[in-house]
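# Secondary and tertiary structure notes
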Amino acid sequence: MEAPSERHSALERDIQDLKIEINGRSLEKKSDREVLREVIGERLSPLPPASNSAGSQTSANAKPSALPLYLASEDPATRLMVEELIDSALHKGLASAIKQAKKSPPLVLDGFHDAITDTFYEEFKKRGLLK
């Protein structure tokens, strides 16, 4: 089992990297969530054509790492693949999870993109790094 400090070091490193990248962009006419989604999306590029920001909605009462609503009707294997990628991002780092995600089917890749964006966005808000 992985030590908690290992999880935190990967998460902290990713938050710092993302913060630098987000702060370096013009936030004109874009929400912080949209900018974060773009930054993570660029790391996942190329995204499948079916990808769109409308799919990134999660339940208002969901925890930050909750899956996007559109995955609720998908098979359990697909949901599990996305959950494992999220877990990998939090424990091993975003770069490692992205490398795995790029080998996944388009629906899994898109679901991971939406879920990890929401996860990081909530963490940024909690820390006061975004509005």
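Here the structure is a predicted model, which is why all the values come from computation and not from measurement.

For the rest of this paragraph, the subject is the overall build of the chain. Looking only at helices and strands, the chain features 5 helices and 0 strands. For the chain, restricting intrachain contacts to residue pairs at least 6 apart in sequence, the fraction spanning at least 24 positions comes to 63%. Total accessible area computed for the chain in this model is approximately 7400 Å², and 53% of it derives from carbon and sulfur atoms.

With that settled, the discussion passes to the pattern of salt bridges. Using the criterion set out here, one finds 7 salt bridges in the structure. A salt bridge links Glu21 to Arg43; the shortest N-O distance between them is 2.9 Å. Placement of the pair is Glu21 in helix H1 (residues 4-23) and Arg43 in helix H2 (residues 32-44), with a sequence separation of 22 residues. Overall, the relative accessible area of 26% leaves Arg43 in the partly exposed class. Several salt bridges converge on common partners, so that one network encompasses Glu12, Glu123, Lys126 and Arg127.

Next up on the list: the packing of helix H3 (residues 76-92) against helix H5 (residues 106-126). For the pair H3 and H5, interaxial distance at closest approach is 9 Å and the crossing angle is 45°. Relative to H5, the element H3 is oriented oblique. Our pair here, H3 against H5, has a crossing hand that is right-handed. Counted together, Thr78, Met81, Val82, Leu85, Ile86, Ala89 and Leu90 of H3 and Leu107, Val108, Gly111, Phe112, Ala115, Ile116 and Thr119 of H5 form the full contact between these two elements. In terms of residue class, the contact of H3 with H5 is built from 11 nonpolar, 3 polar and no charged.

Further remarks concern H5. Its 21 residues place the ends of H5 30 Å apart at the C-alpha level, agreeing with the 30 Å of an ideal helix rising 1.5 Å per residue. Burial analysis of H5 places 16 of its 21 residues in the buried class, the great majority of the element. Looking at the residues trailing H5, positive phi occurs at Gly128, about 75°.

Cut-off values and rules
- Residues numbered from 1 in each chain as written.
- Predicted model: local features only at pLDDT ≥ 70, side-chain atom pairs only at ≥ 80, totals over all residues.
- Heavy atoms only, no water.
- Helix = DSSP H or I, 4+ residues; strand = E, 2+ residues; numbered from the N terminus.
- Contact = heavy atoms within 4.5 Å.
- Areas by Shrake-Rupley, 256 points an atom, 1.4 Å probe, with all protein chains shown as cover.
- Salt bridge = Lys/Arg side-chain N within 4 Å of Asp/Glu carboxyl O.
- Buried < 20%, exposed > 50% of the residue type's maximum accessible area, 1.4 Å probe, protein only.
- Axes fitted to C-alpha atoms, helices over the stretch in contact; angles between N-to-C directions.
- Parallel < 35°, antiparallel > 145°, perpendicular 65-115°, else oblique.
- Left-handed = near helix turned anticlockwise from the far one by under 90°.
- Nonpolar A, V, L, I, M, F, W, Y, C, P; charged D, E, K, R; others polar.
- Expected span 1.5 Å × (residues − 1).

Treat this as a map of the structure, not an account of what it does.
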